[in-house]
Amino acid sequence: VTPKTPSMLSGTLDMLVLQLLAAEPTNGYDLSLRLQTISRDVLTVNAGSLYPALYRLERRGLIKARWAETENSRRAKVYSLTASGRQHLADQRETWSKFAGAIAAVLRTT
Amino acid sequence: MIARIQAWWRMAFGRAGAEREMREEMAEHLARATERLMARGLSREDAKRAARREFGNVGVIQEESRDARGGQWIETTIRDFRFAARGLRRTPVFTAVVILSLALGIGANTAVFGIIYSLMLERLPIDVTFLRTDDIPVLVHYFIDMYNTEFRKRIKGVAPDTMKRLQGYGWPGNIRELRNAIERAMLLAEGDQLTDADFPLAGARVRLSDDMQLPPHGVELDHLERSLVVQALERSGWNQTRAATLLGLNRDQIRYRIEKFKLERAAAHEEVR
């Protein structure tokens, strides 16, 4: 594991978590692995920020959790998106693409 | 919405459960991380240590997670109360002294306020002096000026009817009651004149006839009657019929009163018929 983490913009983690959970409900551990894999090891999310983020999202009613058995018969807390979480994600994505587009446009200017 | 309510419900009542779940979840995370590292060939001990290192400070993360989960204040408050109660129980003498002095303080305060209230705010049980009906307009205007300054208001005066009513009211609480009534009226007043609506106290009293008000100290009816009969006779030049008309009586009635009061026409009043 290479802990070469660019400092994340605030609020970005919430968006990424929502995005990944929208694709597939999963537990905290697998979520951290998936985040790392998909971002090609650029983003290393340590538990110190992942779990508080999950609880925060749960409190805001954007995700919900239930306990489920995993394949090797272990209990795991599986998170999934709620309806308002889905709505929130859509809003966030739109804001993000606008933001990213604006930054890119500025960087293109010579 | 429902998810939110559930989360809130858990937050408020499922503290212990939520705490247990959080620990279990994080233990699970560590266990799986350890397994993964062992699969890469690390020994169990090394893998455990590495997983912990990767995870971070468990205590700190749990603390942050609790904060994120919310509702900490409930737990914190309960803990504070327990702590306070324990501390008080440990020092019973100190606690007793504190409770006693609080009780005495509150008691003394209430007692003193009770006295002050009945002495200075409430009307006095004994009427020492009376406001003279004629003085009331003067006093009313004096107080209006005073409270105009104090409340930054521009009240011009009192409606004539209301002034009559104020004059007719006996003011058993004296000038203090009058001042309080004006103060209250000034605070309530919306226009630039004080009206009946601004004087709930005076308005609620039984009103005497509008043109003649009983003086606050009362009258001696007999004496008053005699005086009125004399005045009527003098005004009419001892013409009994006209004097009777002035008093709303007939001739027999005024004759009866002249006899009753033993009235005689004074020499000075003799006039040519």
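Right above here is the structure, for reference.
For the structure given in this document, a descriptive report is provided here. All values reported here derive from a predicted model rather than from experimental measurement. (Residues numbered from 1 in each chain as written. Chains lettered and ligands numbered in written order. Predicted model: local features only at pLDDT ≥ 70, side-chain atom pairs only at ≥ 80, totals over all residues. Heavy atoms only, no water.)

## What to know about the overall build of chain A
Here is the rule we go by: Numbering of helices and strands starts at the N terminus; helices are DSSP runs of H or I of at least 4 residues and strands are runs of E of at least 2. Think of it in three bands: residues with accessible area under 20% of the maximum for their type are buried, residues over 50% are exposed, and the middle band is partly exposed, with areas taken using a 1.4 Å probe on protein chains only. Only heavy atoms enter the contact rule, under which two residues are in contact if any of them lie within 4.5 Å. All accessibility values rest on the Shrake-Rupley procedure with a 1.4 Å probe; residue burial counts only the protein chains present in the view.
Of the regular secondary structure elements, chain A holds 4 helices and 3 strands. Each helix and strand of chain A, placed in order from N terminus to C terminus, yields the pattern α-β-α-α-β-β-α. Taken across its 110 residues, chain A has 42% of its residues classed as buried. Partitioning the intrachain contacts of chain A with sequence separation of at least 6 by distance along the chain shows that 52% fall at a separation of at least 24. With an accessible surface of roughly 6,300 Å², chain A has 56% of that area assigned to carbon and sulfur atoms.

## Re unusual backbone geometry
Residue and element names in this part refer to chain B. Although it is not a glycine, Arg 152 sits at a positive phi angle of roughly 55°. For Arg 152, the location among the structural elements is in the loop between helix H7 (135-151) and strand S1 (157-158). According to the relative accessible area criterion, Arg 152 is exposed, its value standing at 79%. A positive phi angle, near 60°, is found at Trp 238, a position not held by glycine. Note on placement: Trp 238 falls in the loop between helix H11 (221-235) and helix H12 (240-247).

## A few points about the pattern of salt bridges
Under the convention used in this document: By definition, a salt bridge exists where a carboxyl oxygen of Asp or Glu is found within 4 Å of a side-chain nitrogen of Lys or Arg.
This model, assessed by the stated rule, comprises 16 salt bridges over all chains. Of the charged contacts, one joins A:Glu24 and A:Arg34 as a salt bridge, the two residues approaching to 3.2 Å between their closest N and O atoms. Residue A:Glu24 is found in the loop between helix H1 (12-23) and strand S1 (26-27), and its partner A:Arg34 is found in helix H2 (residues 28-38); the two are separated by 10 residues along the sequence. By relative accessible area, A:Arg34 is classed as partly exposed at 25%. When the shortest N-O distance is used, the salt bridge between B:Glu19 and B:Arg23 registers 3.2 Å.

## Some thoughts on a positive patch on the surface
Spelled out, the test is: Patch membership requires more than 30% relative accessible area and the absence of a salt bridge. Residues of like charge join within 9 Å; the nonpolar side chains Val, Leu, Ile, Met, Phe, Trp and Tyr join within 5 Å. Neither His nor the chain termini are counted; the positive set is Lys and Arg, and the negative set is Asp and Glu. Where a charge lies is defined by one atom per residue type, namely NZ (Lys), CZ (Arg), CG (Asp) and CD (Glu).
A cluster of basic residues, B:Arg82, B:Arg86, B:Arg89 and B:Arg90, forms a positive patch on the protein surface. Here B:Arg82 lies in helix H5 (residues 72-90).

## Details of the packing of H12(B) against helix H13 (residues 251-260) of chain B
How two helices pack is summed up by the angle between their axes together with the distance between the axes. Residue and element names in this part refer to chain B. Formally: Under this scheme, a helix contributes an axis fitted over its contacting stretch, all axes are lines through C-alpha atoms, and angles between N-to-C directions fall in the 0 to 180 degree range. Angle categories are assigned with fixed cut-offs, so that under 35 degrees is roughly parallel, over 145 is roughly antiparallel, 65 to 115 is roughly perpendicular, and the rest are oblique. Under the grouping applied here, Gly and all other residues not named as nonpolar or charged are polar, the nonpolar ones being Ala, Val, Leu, Ile, Met, Phe, Trp, Tyr, Cys and Pro and the charged ones Asp, Glu, Lys and Arg.
Between H12 and H13, the shortest axis-to-axis distance is 9 Å and the interhelical angle comes to 95°. Taken together, the axis directions place H12 and H13 in an arrangement best described as roughly perpendicular. Contacts between H12 and H13 involve Gln 240, Thr 241, Ala 243, Ala 244 and Leu 247 from the former and Arg 251, Ile 254, Arg 255 and Ile 258 from the latter. The residue inventory of the contact of H12 with H13, partitioned by class, reads 5 nonpolar, 2 polar and 2 charged.

## Regarding empty space enclosed by the protein
Stated formally: A 1.4 Å probe that fits into a set of points on a 1 Å grid over the protein atoms alone but cannot get out defines a cavity; an open set with protein on both sides within 12 Å along at least five of seven lines defines a pocket, and lining residues are those with an atom within 4 Å of a point. Grid points are joined across faces, edges and corners, and a volume is the space filled by probe spheres set on the points.
As enumerated under the stated definition, the model contains 2 cavities of 30 Å³ or more in all. When its volume is computed, the largest cavity comes out at roughly 60 Å³. Lining the largest cavity, in full, are A:Asn27, A:Gly28, A:Tyr29, A:Tyr51, A:Trp67, A:Arg75, A:Ala76, A:Lys77, B:Glu25, B:Glu28 and B:His29. Listing elements by their share of the lining of the largest cavity, those giving two or more residues are H2 and strand S3 (75-81) of chain A together with helix H2 (15-39) of chain B. When the residues that make up the lining of the largest cavity are grouped by side-chain class, the tally is 4 nonpolar, 3 polar and 4 charged.

## Brief notes about the side chain of A:Ser80
All names here are of chain A. Its location among the elements puts Ser 80 in strand S3. For Ser 80, a relative accessible area of 14% puts it in the buried group. In this structure Ser 80 touches Pro 25, Ile 63 and Lys 64, once residues within four positions along its chain are discounted.

## A closer look at the side chain of B:Ser236
Which entries qualify depends on this criterion: Polar contacts, as counted here, are pairs of nitrogen or oxygen atoms within 3.5 Å of one another; within protein the pair requires one atom able to donate a hydrogen and one able to accept it, and residues that are adjacent in sequence qualify only if both atoms are side-chain atoms.
Mapped onto the elements of the fold, B:Ser236 is located in the loop between H11 and H12. At a separation of 3.2 Å, a polar atom in the side chain of B:Ser236 contacts the main-chain carbonyl oxygen of B:Leu233.

## What about the interface of chain B and chain A?
Quick note on the threshold: Summed over both partners, the accessible surface that disappears when two parts come together, traced with a 1.4 Å probe, is what is meant by buried area.
Between chain B and chain A, the residue contacts involve 26 residues of the former and 24 residues of the latter. Counting the surface lost from both chain B and chain A, the interface buries some 2,400 Å², and carbon and sulfur atoms represent 52% of this. Counting the contacts that link chain B with chain A gives 4 salt bridges. Taking the shortest distance from any N to any O, the salt bridge between A:Lys77 and B:Glu21 comes out at 3.8 Å. Counting across the chain B and chain A interface gives 8 residue pairs in polar contact (both at pLDDT 80 or more). Looking at the side of chain B that touches chain A, the elements that each hand over two or more residues are helix H1 (2-13), H2, helix H3 (44-55) and helix H4 (58-69) of chain B. Among the elements that take part in the side of chain B that touches chain A, H2(B) stands out by supplying 12 residues, more than any other. Looking at the side of chain B that touches chain A residue by residue, the classes come out as 10 nonpolar, 3 polar and 13 charged.

That is the geometry; function is a separate question.
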